[in-house]
Amino acid sequence: MSTSEVITAAIAALLGGGGLAFLQALFSGVGSLRQGARAHERESVRDLARARDKADDRAESAESDRDYWRQVAGGYAYQLRLAGVEPIPPDPVPPSARDRTARV
């Protein structure tokens, strides 16, 4: 048996025994898996984008509230000083500065 006869016999076995249908199913299965993976990845990216947007909204809201209360506290402090009230302590030290002086 020569090489060409072996190749011809192998091709005939594949084509005659449903090998072509098997190969086609195999390649279409791989293709559909890839498409499914891409769809899942797109959905994951959308979920991450939605979560990021919600986190940004929460951070913006918290910053807005913080700024509002900072302005309110500053206004009250100004009114108290105008009325002659001395704050206790007169020169408050923020926690970050306290940590720094305690470490030194």
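Definitions and cut-offs
Residues numbered from 1 in each chain as written. Predicted model: local features only at pLDDT ≥ 70, side-chain atom pairs only at ≥ 80, totals over all residues. Heavy atoms only, no water. Helix = DSSP H or I, 4+ residues; strand = E, 2+ residues; numbered from the N terminus. Phe/Tyr/Trp six-rings, centres within 6.5 Å; stacked < 30°, edge-to-face > 60°. Buried < 20%, exposed > 50% of the residue type's maximum accessible area, 1.4 Å probe, protein only. Patch = residues over 30% accessible without salt bridge, like charges linked within 9 Å, V, L, I, M, F, W, Y side chains within 5 Å. Areas by Shrake-Rupley, 256 points an atom, 1.4 Å probe, with all protein chains shown as cover. Salt bridge = Lys/Arg side-chain N within 4 Å of Asp/Glu carboxyl O. Lys, Arg positive; Asp, Glu negative; His and termini not counted. Charge placed at Lys NZ, Arg CZ, Asp CG, Glu CD. pLDDT = per-residue confidence, 0-100.

1. Digging into the overall build of the protein
Here's step 1: When helices and strands are tallied, the protein shows 3 helices and 0 strands.
Here's step 2: In the protein, the succession of helices and strands from N to C terminus is α-α-α.

2. Some details on the packing of aromatic side chains
In this description, an aromatic ring pair is defined by two values, namely the gap between the centres and the angle between the planes.
Here's step 1: Scanning all chains against the criterion turns up 1 aromatic pair.
Here's step 2: For the ring pair Tyr-68 and Trp-69, a centre distance of 5.0 Å and an interplane angle of 75° mean the geometry is edge-to-face.
Here's step 3: You can call Tyr-68 partly exposed: its relative accessible area is 47%.
Here's step 4: Overall, the relative accessible area of 56% leaves Trp-69 in the exposed class.

3. Focus: a negative patch on the surface
Here's step 1: Side chains of Asp-56, Asp-57, Glu-60 and Glu-63 sit close together on the surface and give a patch of like negative charge.
Here's step 2: Owing to a relative accessible area of 42%, Asp-56 belongs among the partly exposed residues under this scheme.

4. With respect to a nonpolar patch on the surface
Here's step 1: On the surface, a cluster of nonpolar side chains totalling about 280 Å² of accessible area is made up of Phe-22, Leu-26 and Val-30.
Here's step 2: Of note, Phe-22 is situated in helix α2 (residues 19-82).

5. Some remarks on the pattern of salt bridges
A side chain with one charge may pair with a side chain of the opposite charge, provided their charged atoms come close.
Here's step 1: Evaluation of the coordinates by the stated rule reveals 6 salt bridges.
Here's step 2: Across the pair Glu-43 and Arg-50 runs a salt bridge, and its minimum N-O distance is 3.6 Å.
Here's step 3: Among the residues examined, Glu-43 registers a relative accessible area of 35% and is labelled partly exposed.
Here's step 4: On the basis of relative accessible area, Arg-50 is assigned to the partly exposed category, the value being 44%.
Here's step 5: In this structure, Asp-53 engages Arg-52 in a salt bridge whose closest nitrogen and oxygen atoms are separated by 3.2 Å.

6. Here we look at the confidence of the model for the protein
Here's step 1: Mean pLDDT for the protein: 80, with 86% of residues reaching 70 or above.
Here's step 2: Between the elements of the protein, mean pLDDT differs from a low of 67, seen in helix α3 (residues 95-103), to a high of 85, seen in α2.

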